[in-house]
Amino acid sequence: MRGRQRYARTVRRAVATVPHYRERYAATGTLPPLTRDEAELRRHLLMPLGSALLARRDPGRPAGEHIAELHEALRLAGHRTGGGRDVYEIVPALRDPVRAYGTNWRVLLATTADAGRYAERYAEGPGTEQPGVEPSGTGRPVPDGHALVVGDAGQLASVAAGPVTVERVTLAAAARTRPAAGSVWYEPWLGHLGGVPGDCGELHLNPSRVHARLLDGETVLTLLRRRRPTLVHVRPEGAEFFGPGRCPLHGVPILRRPL
């Protein structure tokens, strides 16, 4: 199914099954842009009818979905996974390692994370277990020189030399400074949306997951596979500086600054 068809289906489904979009369409006949603040305030209304949960009971996204997005973004940015290469993501919370796509997907705790009762043992790192005490598995992992480490620019500064580092960039950051080749596009409230290949330097969308269009002169995004919450016509910070286009080298969807 082509991108426009996926987008049209997603919009129809949102209007038919999601309270927020049903309300907006009934009132205005359109689906106006959705900001991050409004999405957080009305999160319960962005769930399909019959599936909304109270915030304290929402289990969140499965790790497998998050890893699939990251895997695809890394491929768009020109990074290879598999073949014994581990991928580490710098995050604010611990998560069990996941084996997928021929790769071990692991996490490194951000320096600002609160590890609670595991903080001291995590800081000690591996190889510090006491005799007769079984390893807990919570020690700080150490990426080898073959690994990929994904994180924000400030987080990557603390990573020891050796592994390949991949910067996460937001659209707001890309509006200020051209993203480095090999970066992945990440919005904290939307997930991994694309990447920046080294041979063209353009901000590629992941067309199987993201659709971009202009709506009343503003760039908005629709997440084609996300259902809980359903996110149609979202406007991330910095979107006003970009417009949808086609990569001159690869001929695929990108976001670029208007000429």
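Scoring rules and cut-offs
- Residues numbered from 1 in each chain as written.
- Predicted model: local features only at pLDDT ≥ 70, side-chain atom pairs only at ≥ 80, totals over all residues.
- Heavy atoms only, no water.
- Helix = DSSP H or I, 4+ residues; strand = E, 2+ residues; numbered from the N terminus.
- Buried < 20%, exposed > 50% of the residue type's maximum accessible area, 1.4 Å probe, protein only.
- Areas by Shrake-Rupley, 256 points an atom, 1.4 Å probe, with all protein chains shown as cover.
- Contact = heavy atoms within 4.5 Å.
- Polar contact = N/O pair within 3.5 Å; in protein donor to acceptor, adjacent residues only side chain to side chain.
- Axes fitted to C-alpha atoms, helices over the stretch in contact; angles between N-to-C directions.
- Parallel < 35°, antiparallel > 145°, perpendicular 65-115°, else oblique.
- Nonpolar A, V, L, I, M, F, W, Y, C, P; charged D, E, K, R; others polar.
- Disulfide = S-S within 2.5 Å.
- Salt bridge = Lys/Arg side-chain N within 4 Å of Asp/Glu carboxyl O.
- Expected span 1.5 Å × (residues − 1).
- Phe/Tyr/Trp six-rings, centres within 6.5 Å; stacked < 30°, edge-to-face > 60°.
- Lys NZ or Arg CZ within 6 Å of the ring centre and 35° of its normal.
- Pairing = 2+ DSSP bridges.

**Q** Help me understand the overall build of the protein in this model?
**A** Scanning the protein from terminus to terminus reveals seven helices and twelve strands. In the protein, buried positions account for 43% of the 259 residues. Looking at the protein as shown, the accessible area adds up to about 14,100 Å², and 51% of this sits on carbon and sulfur atoms.

**Q** I'm lost on the environment of glutamate 89 in this one. Help?
**A** Relative to the elements of secondary structure, glutamate 89 occurs in strand β1 (residues 87-91). Here glutamate 89 falls in the buried class, since its relative accessible area comes to 3%. Glutamate 89 sits 59 residues away from leucine 148 along the chain, and the two C-alpha atoms are 8.4 Å apart. Contact partners of glutamate 89, with chain neighbours within four places excluded, come to His66, Leu70, Arg95, Arg106, Val107, Leu108, Val150, Arg168 and His192. One polar contact links glutamate 89 to histidine 66, side chain to side chain, over a distance of 2.9 Å.

**Q** Looking at this structure, how should I read the packing of helix α1 (residues 3-17) against helix α2 (residues 19-28)?
**A** Packed helices, taken two at a time, are described by the angle between their axes plus the distance between the axes. Viewed as axis vectors pointing N to C, α1 and α2 meet at an angle of 90°, and their least axial separation amounts to 6 Å. Between α1 and α2, the angle is such that the two are roughly perpendicular. Contacts from Ala14, Val15, Ala16 and Thr17 of α1 reach α2 at Pro19, Tyr21, Arg22 and Tyr25. Each residue belonging to the contact of α1 with α2 can be placed in one class, and the counts come to six nonpolar, one polar and one charged.

**Q** Which parts of the structure should I look at to understand the state of the cysteines?
**A** Note on terminology: disulfide describes a covalent bond linking the sulfur atoms of two cysteines. The tally for this structure, following the rule as stated, stands at zero disulfides. The closest cysteine sulfur to the non-disulfide-bonded cysteine 200 is located on cysteine 247, 3.8 Å from its own sulfur. The exposure class assigned to cysteine 247 is buried, which follows from its relative accessible area of 3%.

**Q** What exactly am I supposed to notice about the pattern of salt bridges here?
**A** Oppositely charged side chains can pair when the atoms bearing their charge come close. Summed over all chains, the structure comprises eleven salt bridges. As a salt-bridge pair, arginine 106 and aspartate 86 come within 3.3 Å of each other at their nearest N and O atoms. One end of the pair, arginine 106, is in strand β3 (residues 103-109); the other, aspartate 86, is in the loop between α4 (63-76) and β1, and 20 residues separate them in sequence. Judged by relative accessible area, aspartate 86 falls into the buried class, the value being 16%.

**Q** How should I be thinking about α4 in this particular structure?
**A** Since there are 3.6 residues in each turn of an α-helix, residues three or four apart along the chain are aligned in direction. When the terminal C-alpha atoms of α4 are compared, their 20 Å separation across 14 residues agrees well with the 20 Å that a helix rising 1.5 Å per residue should span. Residues of α4 that are buried: His66, Ile67, Ala68, Glu69, Leu70, His71, Glu72, Ala73 and Leu74. The first or second residue beyond α4 is glycine 78, which carries a positive phi of 95°.

**Q** Sorry, what's going on with the packing of aromatic side chains here?
**A** Each aromatic ring pair is summarised here by two numbers: the centre-to-centre distance and the angle between the ring planes. Counted according to the given criterion, the structure contains zero aromatic pairs. Its end group placed over the ring of tyrosine 186, arginine 168 keeps NZ or CZ at 5.2 Å from the ring centre. The lysine or arginine in question, arginine 257, covers the ring of phenylalanine 242, its NZ or CZ lying 5.6 Å from the ring centre.

**Q** So what exactly am I meant to see when it comes to the sheet that holds strand β11 (residues 243-246) here?
**A** Backbone hydrogen bonds are what pair the strands of a sheet, in a parallel or an antiparallel way. Here ten strands make up an open sheet; going across it, the order is β2-β3-β1-β4-β5-β6-β7-β8-β12-β11 and the pairing mixed. Sheet topology places β2 (98-100) and β11 at the edges, where each strand pairs with a single neighbour. Within this sheet the neighbouring strands show an average axis-to-axis angle of 35°, counted without direction. Bridge count between β11 and strand β12 (residues 253-256): four bridges; the pairing is antiparallel. Its bridge partner lying in β12, glycine 245 is registered against isoleucine 254.

That is the geometry; function is a separate question.
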